[in-house]
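Analysis of the macromolecular model
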Amino acid sequence: AQSVTQLGSHVSVSEGALVLLRCNYSSSVPPYLFWYVQYPNQGLQLLLKYTTGATLVKGINGFEAEFKKSETSFHLTKPSAHMSDAAEYFCAVSEDTNAGKSTFGDGTTLTVKP
Amino acid sequence: KAGVTQTPRYLIKTRGQQVTLSCSPISGHRSVSWYQQTPGQGLQFLFEYFSETQRNKGNFPGRFSGRQFSNSRSEMNVSTLELGDSALYLCASNRAEGTGELFFGEGSRLTVL
């Protein structure tokens with residue numbers, strides 16, 4: 001069985017500060033990991049994904065995440081927060097990249113203060 | 001390229017009624033999945049359809065059902081609505097060819113009174 005834990009349901013940073021959103025996963029097989037972002041009244045949009053290969057993954061809007069198998073973590077970072085980054089972020093795990101079934105974390109709401 | 005389209009975007013129903021939601025995936029995507037999003041339970045997987053067959057199913061009662069048509073469009077139905085069914089229902093499509101990423105629609109927000 002697979003599961004995802006996002007540490008911190010709310011994270012607040014100042015504009016220009018480092019963004020760090022934490023995600024730990026559990027999977028019985030090598031996982032495929034994703035970060036999605038959701039703006040108010042919208043669906044989810046993929047930020048980045050890890051399937052195989054390089055453990056440091058770069059995504060859109062300056063975000064990146066590092067897959068650490070030993071720590072079962074896939075934390076999302078961005079060096080400098082922008083006001084437009086304020087949204088809800090979801091970490092997800094899938095055991096089958098051919099399938100549409102992913103398990104999502106509870107989400108982290110990011111607030112960016114001016 | 002058009003994204004995933006869900007209709008209707010908003011709807012209000014009363015307890016005991018039924019509702020049908022529609023989803024048109026991105027052209028060429030053969031897999032359609034449905035998720036329920038609520039403040040208390042987060043994002044919960046309902047089911048996935050691929051080539052008109054249900055391929056995966058989440059842990060929801062039989063009141064929740066779906067189907068997929070030959071053009072990959074999908075519908076989900078909820079019968080005998082309960083207050084707890086109030087949620088944002090999200091449809092997602094994927095190419096089902098090893099990428100794993102989901103492309104979501106904007107959702108259908110269902111309110112049950």
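Going by the structure above, here's the rest.
1. So, the nonpolar core
Soluble globular proteins: nonpolar side chains tend toward being buried together. Membership of the largest hydrophobic core comes to 26 residues, with the highest contact counts inside it found for A:Trp35, A:Leu47, A:Leu48, A:Phe74, A:Leu76 and A:Tyr89. Among the secondary structure elements, those contributing two or more residues to this core are strand 2 (10-14), strand 3 (19-26), strand 4 (32-38), strand 5 (44-50), strand 7 (64-68), strand 8 (73-78), strand 9 (87-94) and strand 11 (108-113) of chain A. Contacts of A:Leu76, omitting those with residues within four sequence positions, involve A:Val19, A:Leu20, A:Leu21, A:Trp35, A:Leu47, A:Leu48, A:Phe63, A:Glu64, A:Ala65 and A:Tyr89. One finds B:Leu46, B:Phe60, B:Leu81 and B:Leu110 within the second-largest nonpolar core, a separate group that totals 21 residues.

2. A short note on the layout of surface pockets
In this structure, the largest pocket occupies an estimated 360 Å³ of space. A:Gln38, A:Glu88, A:Phe90, B:Gln37 and B:Pro39 are the residues nearest the centre of the largest pocket, which is lined by 19 residues in total. Broken down by class, the residue content of the lining of the largest pocket amounts to 7 nonpolar, 9 polar and 3 charged.

3. Topic: unusual backbone geometry
The linkage connecting B:Thr7 with the following residue, B:Pro8, adopts the cis geometry, with an omega of -10°. Of note, B:Pro8 is situated in the loop between strand 1 (5-7) and strand 2 (10-13). Even without a glycine there, the phi angle at A:Asn61 is positive, about 60°. Examined against the element boundaries, A:Asn61 turns out to sit in the loop between strand 6 (56-58) and strand 7. What makes A:Asn61 partly exposed here is its relative accessible area of 44%. Of note, the phi angle at B:Ser72 is positive, near 80°, even though the residue is not glycine. Secondary-structure assignment places B:Ser72 in the loop between strand 7 (64-68) and strand 8 (74-78). Looking at B:Ser72, the relative accessible area reads 13%, which means it is buried.

Rules used in this analysis
Residues numbered from 1 in each chain as written. Chains lettered and ligands numbered in written order. Predicted model: local features only at pLDDT ≥ 70, side-chain atom pairs only at ≥ 80, totals over all residues. Heavy atoms only, no water. Core = buried A, V, L, I, M, F, W, Y, C linked by side-chain atoms within 4.5 Å. Buried < 20%, exposed > 50% of the residue type's maximum accessible area, 1.4 Å probe, protein only. Helix = DSSP H or I, 4+ residues; strand = E, 2+ residues; numbered from the N terminus. Contact = heavy atoms within 4.5 Å. 1 Å grid on protein atoms, 1.4 Å probe; cavity = no way out; pocket = protein on both sides within 12 Å on 5 of 7 lines; lining within 4 Å. Points joined across faces, edges and corners; volume = space filled by probe spheres on them. Nonpolar A, V, L, I, M, F, W, Y, C, P; charged D, E, K, R; others polar.

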